[in-house]
Amino acid sequence: MTMRLDYLSIFPGYFDVLDISLLGKAVDNGLVEVHAHDLRDWTHDRHRTVDDTPCGGGAGMVMKPDPWGEAFDGIIGIEPDPSVHVIFPTPSGIPFTQSAAQELSTVERVVFCCGRYEGIDHRVIDYARTMWTVHELSLGDYVLNGGEVAALAITEAVVRLIPGFMGNPESLAEESFSPGQERLLEYPLFTRPVSWRGMDVPEVLMSGHHGRIAEWRREESLLLTRDRRPDLTD
Ligand SMILES: Nc1cc(-c2ccc3cc[nH]c3c2)n[nH]1
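Residues numbered from 1 in each chain as written. Predicted model: local features only at pLDDT ≥ 70, side-chain atom pairs only at ≥ 80, totals over all residues. Heavy atoms only, no water.

- For the protein, the name recorded in an unreviewed UniProt entry is tRNA (guanine-N(1)-)-methyltransferase, with Cutibacterium avidum ATCC 25577 as its organism.
- Under the UniProt heading Catalytic activity (unreviewed entry), the entry covering the protein gives this text: "guanosine(37) in tRNA + S-adenosyl-L-methionine = N(1)-methylguanosine(37) in tRNA + S-adenosyl-L-homocysteine + H(+)".
- Looking at the protein in UniProt, the text filed under Subunit (unreviewed entry) is "Homodimer." (UniProt positions renumbered as here; feature names shortened; annotations may be inferred.)

Considering the UniProt feature "binding site: S-adenosyl-L-methionine" (unreviewed entry) in the protein
Reasoning step 1: Per the UniProt record, "binding site: S-adenosyl-L-methionine" (unreviewed entry) is annotated on G115, L139, G140, D141, Y142, V143 and L144. Among the residues just listed, G115, L139, G140, Y142, V143 and L144 line the largest pocket.
Reasoning step 2: Among the structural elements, D141 can be located in the loop between β7 (133-138) and α5 (148-159).
Reasoning step 3: Mapped onto the elements of the fold, L144 is located in the loop between β7 and α5.
Reasoning step 4: Ignoring any residue separated from it by four or fewer positions in sequence, one finds L144 in contact with V149 and A150. (1 Å grid on protein atoms, 1.4 Å probe; cavity = no way out; pocket = protein on both sides within 12 Å on 5 of 7 lines; lining within 4 Å. Helix = DSSP H or I, 4+ residues; strand = E, 2+ residues; numbered from the N terminus. Contact = heavy atoms within 4.5 Å.)

So, the nonpolar core
Reasoning step 1: Membership of the largest hydrophobic core comes to 30 residues, with the highest contact counts inside it found for L5, F96, F112 and V159.
Reasoning step 2: Per-element tally for this core: the top contributor is α5, with six residues.
Reasoning step 3: Ignoring sequence-local partners within four residues, the contact set of F96 consists of A101, L104, L137, S138, L139, I154, A157 and V158.
Reasoning step 4: Of all hydrophobic cores here, the second largest spans 23 residues; its members include W68, I120, V124 and A128. (Core = buried A, V, L, I, M, F, W, Y, C linked by side-chain atoms within 4.5 Å. Buried < 20%, exposed > 50% of the residue type's maximum accessible area, 1.4 Å probe, protein only.)

Observations regarding the domain arrangement of the protein
Reasoning step 1: Domain boundaries assigned for the protein yield domain 1 (3-160) and domain 2 (169-232).
Reasoning step 2: For domain 1 versus domain 2, the separation of C-alpha centres amounts to 36 Å. (Domains from an automatic or database assignment.)

Quick look at α5
Reasoning step 1: Along its twelve residues, α5 runs 16 Å from first to last C-alpha, staying within 8% of the 16 Å computed at 1.5 Å per residue.
Reasoning step 2: Listed in full, the buried residues belonging to α5 are E148, A150, A151, L152, I154, T155, A157, V158 and V159. (Expected span 1.5 Å × (residues − 1).)

Digging into the site of the ligand
Reasoning step 1: Residues in contact with the ligand amount to 15 residues; listed here are only the nearest, Y117, L139, G140, Y142 and L144.
Reasoning step 2: Separating a nitrogen atom of the ligand from a backbone N or O atom of Y142 is a distance of 2.6 Å.
Reasoning step 3: Computed on the free molecule, the ligand has an accessible area of 360 Å², of which 95% lies beneath the protein chains in the complex.
Reasoning step 4: More than half of the atoms belonging to the ligand lie within 2 Å of the grid points that define the largest pocket.
Reasoning step 5: The leading source of residues in the shell around the ligand is strand β5 (residues 84-95), at three residues. (Near = heavy atom within 4 Å. Polar contact = N/O pair within 3.5 Å; in protein donor to acceptor, adjacent residues only side chain to side chain. Areas by Shrake-Rupley, 256 points an atom, 1.4 Å probe, with all protein chains shown as cover. Sits in = over half its atoms within 2 Å of the grid points.)

What to know about the side chain of S138
Reasoning step 1: Position of S138 relative to the elements: it lies in strand β7.
Reasoning step 2: From its side chain, S138 meets the backbone nitrogen of G140 in a polar contact 3.1 Å long.
Reasoning step 3: What S138 contacts, discounting residues up to four positions off in sequence, is T90, P91, G93, I94, P95 and F96.

Comments concerning the environment of V27
Reasoning step 1: One can find V27 in helix α1 (residues 21-28).
Reasoning step 2: By relative accessible area, V27 is classed as partly exposed at 28%.
Reasoning step 3: Along the primary structure V27 and M3 are separated by 24 residues, whereas in three dimensions their C-alpha atoms are 9.6 Å apart.
Reasoning step 4: When residues no more than four places from it in sequence are discounted, the contact partners of V27 are L18, V32 and V34.

Right under this line is the structure:
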């Protein structure tokens, strides 16, 4: 299966980065197909206007619905199709999680709608919900200037889970937040040299005693999780 990813943004250049590294490889081996679009291509005025003042007043500007609607018509189509997943990154979205990434990794077509300014006219999201499967997703409780960086983060989390993307899928199974894993943070990692700037790799990891190593790692994960993410232990 090839996943088609579309990105709608007034800064489509953000997505040039998808041609490099692992994601570039996924494109080369046909696992994903990436199309970035400039929302301004669907404006008709001399200034290629995509924003206007908010109805009801308030600071900043809001993205006009018209360019989005015409872009949807051109990129996705005018017939409803629930198999198309449309993602609106937004601070007011539901938290994006590994399980959401897992679910999205099986979808054949995803369209990212990257807002700017104060956000997108709400009717755009309401319209999209009548046509496709819509996800309003938040990356976390902090505010970005637009949806592009969030779209890149969601893309990386999703694409790496596509079967055939990662060299050894077993490594995915062990990761924090993977399904079936206890919700624990990953233990500290070490590699050679064994001694570095006066700091040594914990002896147990050099013992070759796999039982003790597993025990040490679990204990470290429990301590770390209790200290940094007590919410995961609920
Ligand atoms: N988790 C998170 C999403 C965002 C976000 C997403 C889209 C827009 C559009 C204008 N500002 C935005 C901010 N900030 N933080």
